[in-house]
Amino acid sequence: MKKILLAILTIVLISCTSDDPENCCTYFSLGTDIKYENSEGINLLDDSNTYNVSEIEVFHRMDGEWERYFEGNLDYPKGLRKTEIDGENYLTVFLSNEVNENNISETKLVFDNGEEDIIKSVVNKSSGNQIVTKIWYNDDLKWSNEENVEARFTIIK
């Protein structure tokens, strides 16, 4: 048993070396939190209101085509979840990391009422990290990491 533990420990210690920075200590920050409100300020994600999170579909643009996102092995296989932050309901969306030549990814939300919204984001990929630095919602800039705040914003529907 001690030999097995020693072997595992050795593999873990040598698997991440300074010679291999692309596979070491990777950090992903690809999510955003969106609060949906109507013009009266009512949260549309509350249980009795408009949007049912389980009915929202997520699509990622891959090689110019929209592909429905579903990864059954993940905790949130549809790429989104309802999150409570400071007593308010938000839709947490895990954005696409598939980027075009300008490092922009596109994620489409399709709501159960037929509405479709596009989220574009700049994804900085360096040293194995993937970090969103700007987010547009339907071509309106909603967040930039220059503000040093969480990637969180409100959409009025």
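Heads up: the structure comes first, above all this text.
None of these values were measured; they are calculated from a predicted model.

Definitions and limits used
- Residues numbered from 1 in each chain as written.
- Predicted model: local features only at pLDDT ≥ 70, side-chain atom pairs only at ≥ 80, totals over all residues.
- Heavy atoms only, no water.
- Pairing = 2+ DSSP bridges.
- Helix = DSSP H or I, 4+ residues; strand = E, 2+ residues; numbered from the N terminus.
- Axes fitted to C-alpha atoms, helices over the stretch in contact; angles between N-to-C directions.
- Phe/Tyr/Trp six-rings, centres within 6.5 Å; stacked < 30°, edge-to-face > 60°.
- Buried < 20%, exposed > 50% of the residue type's maximum accessible area, 1.4 Å probe, protein only.
- Lys NZ or Arg CZ within 6 Å of the ring centre and 35° of its normal.
- Polar contact = N/O pair within 3.5 Å; in protein donor to acceptor, adjacent residues only side chain to side chain.
- Core = buried A, V, L, I, M, F, W, Y, C linked by side-chain atoms within 4.5 Å.
- Contact = heavy atoms within 4.5 Å.

Description of the sheet that holds strand β11 (residues 152-156)
- The strand order across the open sheet formed by four strands is β5-β6-β2-β11, and the pairing between neighbours is mixed. At either margin of the open sheet sits one strand with a lone partner, and together these are β5 (80-85) and β11. Going across the sheet, the axis of each strand differs from the next one's by a mean of 35°, ignoring polarity.

Notes on the packing of aromatic side chains
- This model, assessed by the stated rule, comprises six aromatic pairs.
- Ring centres of Tyr76 and Phe94 lie 6.3 Å apart, and the angle between their planes is 25°; on these two criteria the pair is classed as stacked. A residue pair is termed long-range when its members are at least 10 positions apart, and Tyr76 in the loop between β4 (65-68) and β5 and Phe94 in strand β6 (residues 88-94) qualify at 18 residues.
- Residue classification places Tyr76 among the partly exposed positions, given a relative accessible area of 38%.
- Of the aromatic side chains, those joined through ring pairs into one cluster are Tyr36, Tyr51, Phe111, Tyr137 and Phe153.
- Positioned above the aromatic ring of Phe59 is the side chain of Lys108, whose terminal nitrogen or guanidinium carbon lies 5.5 Å from the ring centre.
- The ring centre of Tyr90 lies 5.7 Å from the NZ or CZ of Arg152, which sits over that ring.

Topic: the environment of Thr92
- Mapped onto the secondary structure, Thr92 falls in strand β6.
- Thr92 sits 39 residues away from Val53 along the chain, and the two C-alpha atoms are 10.0 Å apart.
- In terms of polar contacts, Thr92 uses its side chain to reach the side chain of Asp33, at 2.6 Å.

So, the pairing of strand β8 (residues 116-126)
- As judged from the seven bridges shared by strand β7 (residues 104-110) and β8, these two strands associate in the antiparallel manner. Within β8, the position partnered with Lys108 by the bridge is Ile118.
- Joining the antiparallel neighbours β7 and β8 is a turn of five residues, in which Gly114 adopts a positive phi near 95°.
- Summarising the sheet, β8 and strand β9 (residues 129-137) pair through eight bridges and their orientation is antiparallel. In the strand pairing of β9, Ser126 is matched with Asn129.
- Taking the residues between adjacent antiparallel strands as the criterion, β8 and β9 are bridged by two residues, where Ser127 takes a positive phi near 50°.

Thoughts on the nonpolar core
- Core analysis: the biggest nonpolar cluster contains 25 residues, and Ile34, Tyr36, Leu91, Leu109, Ile119, Ile135 and Tyr137 have the highest contact counts within it.
- Those elements giving two or more residues to this core turn out to be β2 (31-37), β6, β8, β9 and β11.
- Looking at which element gives the most residues to this core, the answer is β9, with three residues.
- Setting aside residues no more than four positions away along its own chain, Tyr137 makes contact with Ile34, Tyr36, Leu109, Phe111, Asp117, Ile118, Ile119, Lys142, Phe153, Ile155 and Lys157.

That's the geometry; what it means functionally is another story.
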